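Notes for the structure review
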Amino acid sequence: MTQTLTLRRPDDWHLHLRDGAVLEAVLPETARDFARAIIMPNLVPPVVTGKDATAYRDRILAALPEGSDFTPLMTLYLTEDTDPADVVTAHQSGLITAVKLYPAGATTNSASGVRNMDKVRPVLESMADHGVPLCMHGEVTDADIDIFDREAVFIDRVLDPLRRALPELKVIMEHITTAQAVGYVKAANKNLAATITTHHLVINRNHLLVGGIRPHYYCLPVAKREEHRQALRAFATSGDKRVFLGTDSAPHVDATKETGCGCAGCFTATNTLSILAHVFEDEGALDQLEAFASLNGAAYYGLHPNAAKITLTRHPDPVSYPEKITCPAGPITVFDPGFPLYWRASGPPSSG
Ligand code: NCD
Ligand code: ZN
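In this text the structure is predicted, and so the values were computed from the model without any measurement. (Residues numbered from 1 in each chain as written. Chains lettered and ligands numbered in written order. Predicted model: local features only at pLDDT ≥ 70, side-chain atom pairs only at ≥ 80, totals over all residues. Heavy atoms only, no water.)

Topic: the pairing of strand β5 (residues 96–101)
Test applied: Exposure classes here rest on a 1.4 Å probe applied to the protein chains alone. A residue is buried below 20% of its type maximum, exposed above 50%, and partly exposed in between. Only DSSP runs of H or I covering at least 4 residues are called helices, and only runs of E covering at least 2 are called strands; the numbering of each starts at the N terminus. Pairing between two strands requires that DSSP report at least two bridges joining them. By convention, orient the strands away from the viewer: a clockwise path from the first strand over the helix to the second makes the crossover right-handed.
Where burial is concerned, most of β5 is hidden: six out of the six residues are buried. Alignment of strand β4 (residues 71–77) against β5, held across four bridges, turns out to be parallel. The partner of Tyr-77 across the bridge, within β5, is Lys-100. Following the backbone out of β4, through helix α3 (residues 84–92) and into the adjacent parallel β5, one traces a crossover that is right-handed. Bridge count for β5 against strand β6 (residues 134–136) is three bridges, and the pairing is parallel. Looking at β6, one finds that Val-99 is bridged to Leu-134. Since β5 and β6 lie parallel, the crossover through helix α4 (residues 121–130) that links them has a hand, and here it is right-handed.

Notes on the layout of surface pockets
To find leftover empty space, one rolls a probe the size of a water molecule over the atoms. Heads up, the condition is: In the cavity and pocket records, a cavity denotes points on a 1 Å grid over the protein atoms alone where a 1.4 Å probe fits but cannot get out, a pocket denotes an open set with protein on both sides within 12 Å along at least 5 of 7 lines, and lining residues are residues with an atom within 4 Å of a point. Grid points are joined across faces, edges and corners, and a volume is the space filled by probe spheres set on the points. Put simply, Ala, Val, Leu, Ile, Met, Phe, Trp, Tyr, Cys and Pro go in the nonpolar bin, Asp, Glu, Lys and Arg in the charged bin, and everything else, Gly too, in the polar bin.
Approximately 390 Å³ is the volume attributed to the largest pocket. The wall of the largest pocket is formed by 19 residues, among which Glu-323, Val-334, Phe-335, Asp-336 and Pro-337 lie closest to the centre. Classifying every residue of the lining of the largest pocket gives eleven nonpolar, four polar and four charged.

Looking at the coordination of the zinc ion (ligand 2)
Under the convention used in this document: Each metal's donors are the N, O and S atoms within 2.8 Å of it, or within 3.2 Å when it is Na, K or Ca, and because water is not part of the set, sites may look incomplete. For a four-donor site, all angles between 85 and 135 degrees give tetrahedral; for four or six donors, opposite pairs above 155 degrees with the remaining angles between 65 and 115 give square planar or octahedral; all remaining cases count as irregular.
Distances from the zinc ion (ligand 2) to its protein donors, His-14 (NE2), His-16 (NE2) and Asp-248 (OD), fall at 2.0 Å. In this structure, the zinc ion (ligand 2) is coordinated by four donor atoms arranged in irregular fashion, with angles at the metal of 92 to 136°. Along the chain, the residues that donate to the zinc ion (ligand 2) are spaced as H-x1-H-x231-D. Across the pair, exposure class does not vary: His-14 and His-16 are buried alike.

Observations regarding empty space enclosed by the protein
Enumeration over the complete set of coordinates arrives at three cavities of 30 Å³ or more. Space inside the largest cavity adds up to approximately 110 Å³. If you trace the largest cavity, you find 16 residues lining it, with His-16, Thr-107, Thr-108, Leu-220 and Asp-248 closest to the centre. A class-by-class count of the residues in the lining of the largest cavity yields four nonpolar, nine polar and three charged. Considering only enclosed or pocket space, the second largest cavity measures out at about 40 Å³ in volume. Around the second largest cavity sit His-216, Ala-250, Pro-251, His-252, Lys-257, Gly-265, Cys-266, Phe-267, Thr-333, Val-334 and Phe-335, which together line it. Grouping the constituent residues of the lining of the second largest cavity by class yields six nonpolar, four polar and one charged.

Some points on the packing of aromatic side chains
So the rule is basically this: Only the six-membered ring of Trp is used, alongside the rings of Phe and Tyr, when aromatic pairs are assigned; centres must lie within 6.5 Å, and planes under 30 degrees apart are stacked while those over 60 apart are edge-to-face, with the rest tilted. A ring is considered to have a charge above it if a Lys NZ or an Arg CZ atom is located within 6 Å of its centre and within 35 degrees of its normal.
The full count for this structure, using the stated rule, is eight aromatic pairs. Both rings, one in Trp-13 and one in Tyr-301, keep their centres 4.8 Å apart while their planes meet at 15°; by these two values the pair is stacked. Of this pair, Trp-13 sits in strand β2 (residues 11–15) while Tyr-301 is found in the loop between α11 (289–300) and β10 (309–319), placing the two residues 288 residues apart along the sequence. The pair Trp-13 / Tyr-301 is uniform in exposure class, with both members buried. Members of the aromatic cluster, connected to one another through ring pairs, are Trp-13, Phe-244, Tyr-300 and Tyr-301. The residue whose ring lies beneath Lys-170 is Tyr-300, and the NZ or CZ to ring-centre distance is 4.1 Å. In this structure, Arg-344 is placed above the aromatic ring of Tyr-321, and the distance from its NZ or CZ to the ring centre is 4.7 Å.

What to know about the site of ligand 1
Using the following cut-off: Near residues are defined by distance, with any heavy atom within 4 Å of the molecule or strand qualifying the residue. Whenever two N or O atoms come within 3.5 Å, that pair is a polar contact, provided that in protein one can donate a hydrogen and the other can accept it, and provided that, for residues adjacent in sequence, both atoms are side-chain atoms. Computed with a 1.4 Å probe, the accessible areas rest on the Shrake-Rupley method; for each residue, only the protein chains presented here act as cover. Think of it this way: a molecule belongs to a cavity or pocket when more than half its atoms come within 2 Å of the grid points there.
Near ligand 1, the surroundings consist of 15 residues, among which Arg-18, Asn-42, Thr-107, Leu-220 and Asp-248 are the closest. The contact in question runs from an oxygen atom of ligand 1 to an N or O atom on the side chain of His-16, over 3.1 Å. Within the backbone of Gly-265, one N or O atom sits 3.2 Å away from an oxygen atom of ligand 1. Summarising the interface, the protein chains cover 100% of the accessible area of ligand 1, which totals 320 Å² for the free molecule. If you map ligand 1 onto the pockets, it falls in the largest cavity. The residue inventory of the shell around ligand 1, partitioned by class, reads four nonpolar, nine polar and two charged.

Now the structure itself:
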């Protein structure tokens, strides 16, 4: 008997689409399975103002495959010069869904990010007053903090003081990678949630470094020890409403990853749902996949879940995905989970 699993259509609460040729190449990979996604604003130059977000949204809509009803949920890149009034207007008009905080230098294209949290206090206060959610890249960037500790230190030095100062601010700690973050989110009030990526449920730091360096497993926050991956898997599959999918699918053409100083980012849009079904099945929690991928994020952002449904089918033999996506800018390697996949979304989404 063929096993199937029907879910409300999922959303991706953290996605990099880039621009130009890469946008055109990767957008169909997400739009095929997902109804909506929070679009990261770390373009070069970044999406800083409402005007920038309008223009970027229009470029995304223009790049959508014919007939797609995918909705990009736009964000603004928080800088020390961000105008609180522009943020509130963009949110109230429905143009943006959230604002993104990158500590300066934390990750790909974060040079315009925040150096001094005091400088952004007025805009964060205004966001708290007007219900604008803050998405955070939760890593400190101090040179003396070991890269594997940067998330845990961020909680103590930045996130906890911020939440005490502005308890009404709705925060999403994105792409969490540590047991410390899991514990912190679980202990918090209703104004903190977390996203977890597909790849952090699959790889630990050994996958990245043992037997040779694997540039396509390098992302930020960097994968941690196995005990942390286990904590992420337990949290993601628990049904807890404060955790949901943000793939952080982050395309980089191969030439910029397979080099002496490679970019951070794993490209998972193509096979994310197959991998997630595999992970949830492994954990004996297929019944929680819908909460993680389709329900919890929408509820946290105050949006309706999607009415349309998607059916995943478990095939008797492994299903295959392309190793790379082709793009005029160069090939983009699809994340390899390192095990065969059996689940695949089948057919077009059905409504109702
Ligand atoms: C992201 C990117 O490439 O834009 N890279 C990554 O490793 N996740 C940026 C980010 O989300 O940190
Ligand atoms: Zn990201």
